[in-house]
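Observations on the model geometry
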Amino acid sequence: MTECPFCDGQGLVCQAEVKKLNRTIYICDECDTVWLDQKELKEETCLRFDGFMKQHGLQALWSELTHIRKDW
């Protein structure tokens, strides 16, 4: 399991698929920070979940995600 660099050990980064985009993202289960590459879980490469989803015309809801895994 990978801890979120922003949540002081409180959030875990999950691998998930955005259903309507058929795209894998990495999202913190606490603060909803998103990364597009598992190798780049850094502050400089993160996105806001709401901004990422809005950019693709989707609502920023976890129900838009599928195949959510903490053990990737």
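This is a predicted model, so every value here is computed, not measured.

Criteria and thresholds
Per chain, the residues get numbers from 1 upward, laid out in the order the sequence is written. Totals for whole chains, interfaces and linings use every residue, but because this is a predicted model, local features are given only for residues with pLDDT of at least 70 and side-chain atom pairs only at 80 or more, for both listing and counting. With hydrogens and water excluded, all non-hydrogen atoms of the structure serve as input to the side-chain values. Pairing of aromatic rings covers Phe, Tyr and Trp, the last through its six-membered ring, and needs centres within 6.5 Å; plane angles under 30 degrees mean stacked, over 60 mean edge-to-face, and all others mean tilted. Only DSSP runs of H or I with at least four residues qualify as helices, and only runs of E with at least two residues qualify as strands; both kinds are numbered from the N terminus onward. Burial classes: relative accessible area under 20% of the type maximum marks a residue as buried, over 50% as exposed, and values in between as partly exposed (1.4 Å probe, protein chains only).

**With respect to the packing of aromatic side chains**
Applying the stated criterion to the full structure yields two aromatic pairs. On the basis of an interplanar angle of 55 degrees and a centroid distance of 5.0 Å, the ring pair of tyrosine 26 and tryptophan 72 is categorised as tilted. Separated by 46 residues along the polypeptide, tyrosine 26 in strand β3 (residues 23-28) and tryptophan 72 in the segment after β6 (65-69) bring together distant segments of the chain. Take tyrosine 26: its relative accessible area is 7%, and that puts it in the buried class. Relative accessible area serves as the criterion here: at 28%, tryptophan 72 is assigned to the partly exposed category.

**Some words on the environment of serine 63**
Residue position: serine 63 is located in the loop between α1 (49-55) and β6. Of the residues examined, serine 63 reaches a relative accessible area of 51% and is grouped as exposed. Between the alpha carbons of serine 63 and lysine 19 there is a distance of 9.0 Å; along the sequence they are 44 residues apart.

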